[in-house]
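Summary of the model geometry
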Amino acid sequence: IGYLDELQIEQESDSNSENTENAAVLDESIEITEENLKRFAGAFDGNGFSIRGMNIDSDKKYQGLFGYSTGMIANLTVKSSNVSGNEVAGIIVGLNGGTIKNCSIENIEVKGKEKIGGFAGVSMSASNILECSVNQETSYISGEKYIGGIVGYVNNNATIQKCINRANTTGEDYVGGICGIAFYGTVVEDSINYANNYSNDISKLEIEEMKQMLLMILKKMDIDIEDYRIEKRDIGQNTKMKVVNSN
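Bear in mind the structure is a predicted one, so any value in this text is a computation, not a measurement. (Residues numbered from 1 in each chain as written. Predicted model: local features only at pLDDT ≥ 70, side-chain atom pairs only at ≥ 80, totals over all residues. Heavy atoms only, no water.)

Section: unusual backbone geometry
Inclusion rule: We count a stretch as a helix when DSSP gives it H or I for four or more residues in a row; a strand needs E for two or more, and each element gets its number in order from the N terminus. Burial here depends on accessible area, computed with a 1.4 Å probe over protein chains only, as a share of the maximum for the residue type. Under 20% is buried, over 50% is exposed, and the range in between is partly exposed.
A positive phi angle is found at Lys115, which is not glycine, with a value near 60°. Within the chain, Asp190 stands out as a residue other than glycine whose phi angle is a positive 55°. Within the secondary structure, Asp190 sits in the loop between β28 (187-189) and β29 (192-193). Relative accessible area serves as the criterion here: at 57%, Asp190 is assigned to the exposed category.

Here's the deal with the sheet that holds strand β26 (residues 173-176)
Note the cut-off: DSSP-based pairing: two strands are paired if at least 2 bridges between them are found. Interaxial angle, 0 to 180 degrees, is taken between N-to-C directions of lines fitted to C-alpha atoms, where a helix line uses only the stretch in contact.
With parallel pairing, 4 strands are arranged side by side in an open sheet as β11-β16-β21-β26. Of all the strands in the sheet, the pair left with one neighbour each is β11 (87-89) and β26. Taking each pair of neighbouring strands and ignoring which way they run, the sheet shows an average axis angle of 5°.

Regarding the side chain of Asn168
Where we set the bar: Any pair of residues with heavy atoms lying within 4.5 Å of one another is described as a contacting pair.
Structurally, Asn168 is set in strand β25 (residues 168-171). Note on Asn168: relative accessible area 16%, which makes it buried. Setting aside anything within four residues of it in sequence, one finds Asn168 in contact with Glu137, Ser139, Tyr140, Ile141, Ala195 and Asn196.

Structure (structure tokens):
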């Protein structure tokens, strides 16, 4: 489990309420300087507790509360936390080879280059993410490629079930509310995305297809296409194709 021994367990009282909230509170920010690939293979039951104020800032792979898990992580909430890694980063786990169940995150930010997700950066074959939710729209997940609100990159025959995403996701390629990309045999069911998902770029194939479509329209209008060229222009979060007179 690594650096979880740095957590302090205490009860937080709400001055405006008689209710108490069980929480696991970090006494200081955590800085990870190496790849966090120590495998967790046990069972971690949050038992309704919360972790607040986790801050992981690294240029290495496999970042999260757990770097790599093949075990069961359940019944845990993480609030007001940030994870920044190179590749394969998520709030709960960087590389998920087990099960994440009935967990929630809110007011979080995850960022990196590739394979970045809310709960996990990557879910491996036969792994599970079940009944998990991002509960606030003030959560942000961003990177370059394979970016997802729940998980960034999903291998074959994994399961994502009954999950909800409200985090805004931003990337250049393969960006989704639930997952950035999922491969053969993966099951995604009963899951909802409520947030905005922005892709800053489109593929070369998509650009070429749009160019050909515009040229076909010009031909049907009996316009000499030799007098025109097709330009790609980025306007804010959108990519547009424009017909420009070459003369």
